[in-house]
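Geometric and topological summary
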Amino acid sequence: MATAHIESNLEDIAKTVLMPGDPLRAKYIAETYLTDVKLINTVRNIFGYTGKYKGKEITVFASGIGNPSMGIYSYELYNFYNVENIIRVGTCGAYRKNLNLYDTIIVEGSYSTSNYAKEQGYDSPEIIYSNKELNKKLELAAKNLKIKVKKGIIHCTDAFYKENNNYEELVKKYNILGAEMETFALFSNAKTLNKKATCILTVSDNLVTKQETTSEERQKAFNDMIEIALESTLS
Ligand code: HPA
């Protein structure tokens, strides 16, 4: 079996998938945290791995950047590979002064002006919400690991580079915490296919204070987020 973008066999992919944007992050997560790891996709260098976390079968599969790329991979995983749960693990740019670099955020909803949901057949909702059950599990895992998390609405943007960034207006109107680029398509697919999706993010830069992280600095905070996501799959 194969789909337009995934070469894996049906039995290669677990019911629960962690999705970082970057294929090399998928490799890092699989090699650092999973045992019995098998590389199950290399099409377009979008690496996917399946292995075990404390005995539970987990797939880590890259989404690529942006809604269209996330849209393709998450749809195929849900619809053709019978995946039930997808947890995006990524980074975001904070829209609030009080959000520090490396803070961890559980995404309760994704605000977007992207046409993804409309093209999929909806009356273009402004916000699509993540799965509450998965969010509760993430919160519980964070509490057990003694890692502080924030929760809220994120702006899923199609343009990383903007001429006029009106993020202050979005903060006022929707109480938005920051920006990333993939949750809207993921949550729209989950809604369409009656599956579960959520997202956990690490703050990698702050648009208000202009603080940025280096790639090495990001590692520790990234590990916190991955550990929360992996532990949440056990409950
Ligand atoms: N914008 C969009 N996506 C991001 C950002 C940002 O500032 N930082 C990390 N992912």
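In case you missed it, the structure is sitting above this.
A few words now on the overall build of the protein chain. When you go through the protein chain residue by residue, the secondary structure sums to 7 helices and 10 strands. Relative to the 2.2 N^0.38 estimate, which gives 18 Å for 235 residues, the radius of gyration of the protein chain is 17 Å and therefore close to what a compact globule would have. Seen along its three principal axes, the alpha-carbon backbone of the protein chain occupies a region of about 45 × 40 × 30 Å. Considering the protein chain as a whole, with its 235 residues, one finds that 56% of them fall into the buried category. In the protein chain, the share of contacts with a sequence separation of at least 24, taken over all contacts with a separation of at least 6, comes to 75%. Carbon and sulfur atoms form 48% of the exposed surface of the protein chain, whose accessible area is close to 11200 Å². Of the charged side chains in the protein chain, 29 are positive and 29 negative, and the gap between their average positions amounts to 6 Å.

Attention now goes to unusual backbone geometry. A positive phi angle is found at Asp36, which is not glycine, with a value near 50°. In this structure, Asp36 sits in strand β2 (residues 35-41).

A few words on the pattern of salt bridges. Inspection of the entire model under this criterion finds 10 salt bridges. Notably, a salt bridge pairs Lys38 with Asp12, separated by 3.1 Å at the nearest N-O pair. One end of the pair, Lys38, is in strand β2; the other, Asp12, is in the segment before β1 (16-19), with 26 residues separating them in the sequence. Take Lys38: its relative accessible area is 48%, and that puts it in the partly exposed class. A salt bridge links Arg88 to Glu182, with the shortest nitrogen-to-oxygen separation between them at 3.0 Å. One end of the pair, Arg88, is in strand β5 (residues 85-94); the other, Glu182, is in the loop between β9 (176-180) and α6 (183-193), with 94 residues separating them in the sequence. For the pair Arg88 and Glu182, one class covers both residues: buried. When salt bridges that share partners are traced, they join Arg88, Glu180 and Glu182 into one network.

Moving on: the site of the ligand. Around the ligand sit Thr91, Cys92, Gly93, Thr157, Phe160, Ala179, Glu180, Met181, Ser204, Asp205 and Leu207, and that is every residue in its neighbourhood. Residue Gly93 places a main-chain N or O atom 3.1 Å away from a nitrogen atom belonging to the ligand. Contact with the protein chains covers 86% of the free accessible surface of the ligand, which is 260 Å². If you list the elements that add at least two residues to the shell around the ligand, you get β5, β9 and β10 (196-206).

It is worth spelling out the environment of Thr104 at this point. With respect to the secondary-structure elements, Thr104 resides in strand β6 (residues 104-111). Classification of Thr104 by relative accessible area gives buried; the value is 3%. A sequence separation of 119 residues divides Thr104 from Asn223, and the C-alpha atoms of the two residues are 11 Å apart. When neighbours within four sequence positions are excluded, Thr104 is seen to be in contact with Lys148, Val149, Lys150, Ile200, Leu201, Met225 and Ile228.

This brings us to the pairing of β1. Along a regular strand, successive side chains alternate from one face of the sheet to the other. Burial along β1 is two-sided: the face carrying Thr16 and Leu18 and the face carrying Val17 and Met19 are both buried. As defined by bridge partners, β1 adjoins β5 across 4 bridges and the pair is classed as parallel. When the sheet's bridge partners are listed, Met19 is paired in β5 with Arg88. With 2 bridges connecting them, β1 and strand β4 (residues 56-61) associate as parallel partners. Paired with Leu18 across the two strands is Val60, which belongs to β4.

In this section: the packing of aromatic side chains. Counted according to the given criterion, the structure contains 6 aromatic pairs. A centroid spacing of 6.4 Å and a plane angle of 65° characterise the contact between Tyr75 and Phe80, whose relative ring orientation is edge-to-face. In this structure Phe80 comes out as partly exposed when scored by relative accessible area, which is 37%. For Arg25, the ring lying beneath its charged end belongs to Phe222, and the centroid distance is 4.0 Å. One residue, Lys191, lies across the ring of Tyr122, its end atom 4.3 Å from the ring centre.

Next up on the list: the packing of helix α2 (residues 67-81) against α6. Remark: α2 packs on α6, axes separated minimally by 8 Å, with the N-to-C direction vectors making an angle of 30°. The pairing of α2 with α6 is recorded here as roughly parallel in orientation. Here α2 runs over α6; the crossing is right-handed. Contact with α2, carried on its side by Asn67, Met70, Gly71, Ser74, Tyr75, Tyr78 and Asn79, involves Thr183, Phe184, Ala185, Leu186, Asn189, Ala190 and Leu193 of α6 and no other residues of that element. A per-class count over the contact of α2 with α6 returns 8 nonpolar, 6 polar and no charged.

What counts, and at which threshold
Residues numbered from 1 in each chain as written. Predicted model: local features only at pLDDT ≥ 70, side-chain atom pairs only at ≥ 80, totals over all residues. Heavy atoms only, no water. Helix = DSSP H or I, 4+ residues; strand = E, 2+ residues; numbered from the N terminus. Rg over C-alpha atoms; globule rule 2.2 N^0.38 Å. Buried < 20%, exposed > 50% of the residue type's maximum accessible area, 1.4 Å probe, protein only. Contact = heavy atoms within 4.5 Å. Areas by Shrake-Rupley, 256 points an atom, 1.4 Å probe, with all protein chains shown as cover. Lys, Arg positive; Asp, Glu negative; His and termini not counted. Charge placed at Lys NZ, Arg CZ, Asp CG, Glu CD. Salt bridge = Lys/Arg side-chain N within 4 Å of Asp/Glu carboxyl O. Near = heavy atom within 4 Å. Polar contact = N/O pair within 3.5 Å; in protein donor to acceptor, adjacent residues only side chain to side chain. Pairing = 2+ DSSP bridges. Phe/Tyr/Trp six-rings, centres within 6.5 Å; stacked < 30°, edge-to-face > 60°. Lys NZ or Arg CZ within 6 Å of the ring centre and 35° of its normal. Axes fitted to C-alpha atoms, helices over the stretch in contact; angles between N-to-C directions. Parallel < 35°, antiparallel > 145°, perpendicular 65-115°, else oblique. Left-handed = near helix turned anticlockwise from the far one by under 90°. Nonpolar A, V, L, I, M, F, W, Y, C, P; charged D, E, K, R; others polar.

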